[in-house]
Amino acid sequence: MVQIVRWFGIKRVEDRGTYLNAISAPLLAIVAMVLLSNTSFSQKLHLNDLGYFETRGLNVLVFSNQYTGYFFDEKTAGIELIHHGVRTATNGAVRLRSTPEQWDAIPTVVDRKVDSVKNTVEVLLRYKDYDFDSRVVVTAVDEGVMVDVYLDKPLPEKLAGDAGFNLEFLPSAYFEKTYLIDESPGILPLYPAGPTVLKPDSLKIPQYAGHSTFDDRGRHAYVDPLPVAVGSTLILAPEDPERRVEIQSLDGQLMLFDGRNVAQNGWFVVRSLIPSNRTGKVVEWHLTASTLKNWIRKPVIEFSQVGYHPLQEKKAVFELDQNDAPLKTASLYQVTPQGESVVKLTADVKPWGHLFRYNYVTFDFSSVKDSGLYFIKYGDVKTDAFPIDAHVYDDVWHQTLDVWFPAQMDHVEVKDAYKVWHGVPFLDDARQAPVNEEHFDGYRMGPVTGTRYKPGEHIPGLNVGGWFDAGDFDIDEPSQCETILNLSATWENFRPNLDETYVDEQHRYVDIHDPDGKPDVLQQIVHGVLQQLGQQKAFGRAIFGITQAHLYEYNHLGDASTITDNLIYTPRLKPYETEGDSSGTPDDRWAFTNDMPWLNYLSISALASANRALKGYDDSLANECLSVAEESWDRQQEDTASTGDETPAFFRQFTEMPADLQLLISTKDKKYADRFERLIWPALDRAMDYVIEPAVLALPYFGSDYKTRLEAYVEKYKKENDKLFTNNPYGIPIGMRPWAGDEEVIRWAVTNYYLHEAFPKIIGPEYTIRGIDYIFGCHPYSNISFVSGVGTHSKKIIYGNNRADFSFIAGGVVPGVLMLRPDFLENKEDWPFFWGENECVINICSDYIFLANAVGDLLNNVPSRR
Ligand SMILES: [Ca+2]
Ligand SMILES: [Ca+2]
Ligand SMILES: [Ca+2]
């Protein structure tokens, strides 16, 4: 599928039309250095063979990325600008609101035509519910693009005053910058402070499935922002040649809005209304953006911000602009106690090749083993300082276990010294979710509840334990179970005795940096188990999850204890009326009780593994975990019917085996072994990547034939591993989903650890170590550590529940670099609201705790190991 060519001595994956030849490249680089200046100017955009408009320093993408629909408006679709390497504008499209929120209506792309002869990209957009089609045509012209909107039929009457052409600009890219509108100056607001108006619900374009992001307190109204400025020519950041964009409307007015007035994750929106009773061309914009002459993106030195163990492979990857000519060498400097920098090693950089939009070279400094502080220098770019030392991995997981996990704990108050992370939330859990409910965040309920509870009825016993799934506040069952499994495996393999958290389940109180003599990992396992047991006791099985009843509660930012009133709902009282423990406000969370066998098996796995971890710590809880798991397994084996109204995703079709295995390990009962062995071989043939880990973990419980048979799969797995370096210079699997891939990298690295433990002659330790280097900064786009607070330079702005404060929760692991088609990997460091790039999730963070312990084990126990 891809063709390898040679370019300037670099192996290159040929996926672009233009490239420089070997002779002109260095010459051009010298010319570029001479001409490089801050003068802004515009140069002609051309349509490249990847289907977007391109010039040095500016790309205009036209629906290269489309709305995926799952999380609605993800701010990664429509017309987008990549301006000097930074994506600064998105969502250029016909929209039905001046500042669309995540759950507002999005158009479907019916057709997209790229015409290299006419130099145009044309899309046909449709709002099916309104029988409304529009065509958006973008044409490269002069030093910019024309954006024209055409209607073949006049705007439906219902949409008059609502439909317009919008283009959204990233607020953080324009913070502390100015604008001119028809030559009137203004400053772009740092904090939203624009005018708004309250309108009756009858005027509102419905949001996703009739839900509302606005808590109107019974007023039947919604808030709409008013424009901050109006005119026909708008220039954003005229003072900054890297960000200056000029939009001229040739027909009708431009309005500038600040979407943050209604939603913290809103953007600056430039908009023209579509006039009523007209056909043909209804919007006509001329957009130009300044570019720096012969701009070359600064090289990015990608390396581990945590540093390196003396015994490990040490390799940095340099990400280079395709117009940049690679230098021959790079150097590693040691920082002396006197503050001097001494060259420790100078070595040739090795070409790797071209990937997406950059060229890559690597720099290997594995030979340096002396403990100390170092930095890498390549040309005039140098990195942050980092250590080489045998102890670098000792505490990299501590903040994840001791800050991040406590802050995610549900149903308890959480403090850290003077700071309160949150009060006790969701004491009013939970009401039975209604039937036929099309909810948000993946929750839905079919025609039956599958329980003895009536829709809306309070279910006792669920207001205990569990964690907020991610940046939101739901009990997401799959991630709860995976977290318990990961933490139990961490305890079984590494016995980390770390104690920096005080946990008092009885009084629902947790204090960070407050040792209580009990291992924190076991206390977290207990907290997870309490919620699982609550579900198993209430329903005899696991349920899909517990989440906010209303969309306006789901988008809550801040202290979770204020999402509901913590009082159990009763219809006897009016909304906002309270009496004792009851309230008339229907704000209690809903339990989505879908009966899904694949999910119940996950819960059984979690409980069976927790049984072993908790033995000797809390024997009665440990025993309860096992007996509940065994009973649930027996019931599940007999009852295979699902009322979950969902065909499980492919990777979820293999969840029984881990349950069989965990029960086998805990009980040694042959019935689990028989069941496991019957399922594992066909599963290995169908989905080796998903099931090779349980297959290897089962080795001690089966004979030598099992091992011999499994070895062939491990050999095959290794071959797949070794192909990874042909895909990217990091030698790891880079995910291409609309959710970035750190989860896959960590999972893969952990699986390789288990494979290495079982088959050290086939699978070396390098894959596992490479995985963690990637998480710590040796990854595309930047070199930031993806674990907040870990490494010299790490994520400080993430999608946690404190994201409105542009802050982080230490120890959280973000999803990482998101693939934006066709060739742009991104992880924003100044904008927390991209969940696909910046949202930390419990199963990933717990898997990371395991991985960090595994890497420490691999490197520090080398002599005993080999
Ligand atoms: Ca969630
Ligand atoms: Ca403790
Ligand atoms: Ca309540």
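For the structure itself, consult the block above.
Residues numbered from 1 in each chain as written. Chains lettered and ligands numbered in written order. Predicted model: local features only at pLDDT ≥ 70, side-chain atom pairs only at ≥ 80, totals over all residues. Heavy atoms only, no water.

Visitor: Please clarify how the coordination of the calcium ion (ligand 3) should be interpreted in this entry.
Guide: Four donors placed tetrahedrally about a metal ideally form angles of 109.5 degrees, and six donors placed octahedrally ideally form angles of 90 or 180 degrees. For the calcium ion (ligand 3), every protein donor is listed as Asp428 (OD), Asp565 (OD), Leu567 (O), Asp587 (OD) and Asp588 (OD), and the spread of their distances is 2.2 to 2.3 Å. Every donor residue of the calcium ion (ligand 3) comes from the same chain, spaced as D-x136-D-x1-L-x19-D-D. Note that Asp428 is positioned in the loop between strand S35 (419-422) and strand S36 (431-432) and Leu567 in the loop between helix H5 (551-554) and strand S43 (568-569), a separation of 139 residues in sequence. This pair shows no difference in class: Asp428 is buried, exactly as Leu567 is. (Donors = N, O, S within 2.8 Å, 3.2 Å for Na, K, Ca; no water. Helix = DSSP H or I, 4+ residues; strand = E, 2+ residues; numbered from the N terminus. Buried < 20%, exposed > 50% of the residue type's maximum accessible area, 1.4 Å probe, protein only.)

Visitor: I keep staring at the pattern of salt bridges and nothing clicks. Help me out?
Guide: Tallied over the full model, the rule gives 41 salt bridges. Here Lys118 ties to Asp115 by a salt bridge, and the two come within 4.0 Å at their closest N and O atoms. Among the residues examined, Lys118 registers a relative accessible area of 59% and is labelled exposed. A salt bridge links Arg747 to Glu693, with the nearest nitrogen and oxygen atoms 2.9 Å apart. Here the residue Arg747 occupies a position in helix H11 (residues 742-758), and Glu693 occupies one in helix H9 (residues 670-697), the gap between them amounting to 54 residues. On the accessibility criterion, Arg747 (29% relative accessible area) is partly exposed. Accessibility expressed as a relative area gives 12% for Glu693, which makes it buried. (Salt bridge = Lys/Arg side-chain N within 4 Å of Asp/Glu carboxyl O.)

Visitor: So what exactly am I meant to see when it comes to the packing of aromatic side chains here?
Guide: A ring pair, where both rings are aromatic, is described by two values, the distance of the centres and the angle of the planes. The full count for this structure, using the stated rule, is 53 aromatic pairs. Between Tyr799 and Trp835 the ring centres are 6.0 Å apart and the planes differ by 75 degrees, which places this aromatic pair in the edge-to-face class. Note that Tyr799 is positioned in the loop between helix H12 (766-775) and strand S47 (818-820) and Trp835 in helix H13 (residues 835-838), a separation of 36 residues in sequence. For the residue pair Tyr799 and Trp835, the accessibility class agrees, reading buried in each case. Among the aromatic residues, those joined into a ring-pair cluster are Phe303, Tyr308, Phe318, Phe363, Phe365, Tyr378 and Phe386. Here the guanidinium or amino end of Arg297 rests over the ring plane of Tyr358, the centre of that ring lying 4.2 Å away. The side chain of Lys419 reaches across the aromatic face of Trp421, ending 4.2 Å from its centre. (Phe/Tyr/Trp six-rings, centres within 6.5 Å; stacked < 30°, edge-to-face > 60°. Lys NZ or Arg CZ within 6 Å of the ring centre and 35° of its normal.)

Visitor: How do you make sense of unusual backbone geometry when you look at a structure like this?
Guide: When glycine is set aside, most residues are seen to have a negative phi, and most peptide bonds are trans. A cis geometry characterises the amide bond from Asp429 onward to Ala430, with omega recorded as -15 degrees. With omega at 0 degrees, the peptide bond leading from Arg821 into Pro822 counts as cis. As for its position among the elements, Pro822 is in the loop between S47 and strand S48 (824-826). Although it is not a glycine, Asp142 adopts a positive phi angle of roughly 45 degrees. Overall, Asp142 belongs to the partly exposed group, its relative accessible area being 49%.

Visitor: What is the right way to look at the coordination of the calcium ion (ligand 1) in this model?
Guide: Protein-derived coordination of the calcium ion (ligand 1) comes from Asp441 (OD), Asp469 (OD), Asp472 (OD), Asp472 (OD), Asp474 (OD) and Asp474 (OD), at a distance range of 2.3 to 3.0 Å. Metal-centred angles of 47 to 155 degrees between the six donor atoms at the calcium ion (ligand 1) mark the site as irregular. (Tetrahedral: all angles 85-135°; square planar, octahedral: opposite > 155°, others 65-115°.)

Visitor: Where do I start with the packing of H11 against H12 in this structure?
Guide: Two quantities define a packed helix pair, namely the angle between the helix axes and the distance between the axes. Where H11 meets H12, the axes come as close as 8 Å, and the angle between the chain directions of the two elements is 155 degrees. On the basis of the axis angle, H11 is roughly antiparallel to H12. For the pair H11 and H12, the sense of crossing is left-handed. Touching Asp742, Val745, Ile746, Trp748, Ala749, Asn752 and Tyr753 of H11 are Tyr767, Thr768, Gly771, Tyr774 and Ile775, all from H12. Classifying every residue of the contact of H11 with H12 gives eight nonpolar, three polar and one charged. (Axes fitted to C-alpha atoms, helices over the stretch in contact; angles between N-to-C directions. Parallel < 35°, antiparallel > 145°, perpendicular 65-115°, else oblique. Left-handed = near helix turned anticlockwise from the far one by under 90°. Contact = heavy atoms within 4.5 Å. Nonpolar A, V, L, I, M, F, W, Y, C, P; charged D, E, K, R; others polar.)

Visitor: Got a minute to help me understand the sheet that holds strand S8 (residues 86-95) in this structure?
Guide: Sheet strands pair via backbone hydrogen bonds, and the direction of the pair is either parallel or antiparallel. On the basis of which strands lie adjacent, the open sheet formed by nine strands has the order S4-S5-S6-S7-S8-S13-S22-S21-S18 and antiparallel pairing. In the strand order of this sheet, the two ends are held by strand S4 (46-47) and strand S18 (229-231), each with one partner. Where strand S6 (residues 58-62) lies against strand S7 (residues 79-83), five bridges are found, and the strand directions are antiparallel. For Asn59, the partnering residue across the bridge sits in S7 and is Ile82. (Pairing = 2+ DSSP bridges.)

Visitor: Is there a simple way to think about the environment of Thr483 in this case?
Guide: Here Thr483 lies in helix H3 (residues 477-494). Given a relative accessible area of 0%, Thr483 falls into the buried group. For the pair Thr483 and Trp467, spaced 16 residues apart in sequence, the C-alpha separation works out to 9.4 Å. Those residues in contact with Thr483, other than ones at most four positions away along the chain, are Phe405, Trp467, Ile842, Asn843 and Ser846.

Visitor: How do you make sense of helix H8 (residues 656-667) when you look at a structure like this?
Guide: One turn of the α-helix equals 3.6 residues, which is why residues spaced by three or four share an orientation. For H8, which comprises twelve residues, the first-to-last C-alpha distance of 16 Å matches the rise-based estimate of 16 Å (1.5 Å per residue) to within 8%. For H8, a buried count of ten out of twelve residues is recorded, marking the element as mostly surrounded by other parts of the structure. For H8, the set of buried residues is Glu656, Met657, Ala659, Asp660, Leu661, Gln662, Leu663, Leu664, Ile665 and Ser666. Immediately downstream of H8, the backbone of Lys668 shows phi near 60 degrees, a positive value. (Expected span 1.5 Å × (residues − 1).)

Visitor: What is the right way to read a nonpolar patch on the surface from this model?
Guide: Side chains of Phe650, Phe651 and Tyr690 sit close together on the surface and give an oily, nonpolar patch of about 310 Å² of accessible area. With respect to the helices and strands, the residue Tyr690 is situated in helix H9. When its relative accessible area of 47% is taken as the criterion, Tyr690 is described as partly exposed. (Patch = residues over 30% accessible without salt bridge, like charges linked within 9 Å, V, L, I, M, F, W, Y side chains within 5 Å. Areas by Shrake-Rupley, 256 points an atom, 1.4 Å probe, with all protein chains shown as cover.)

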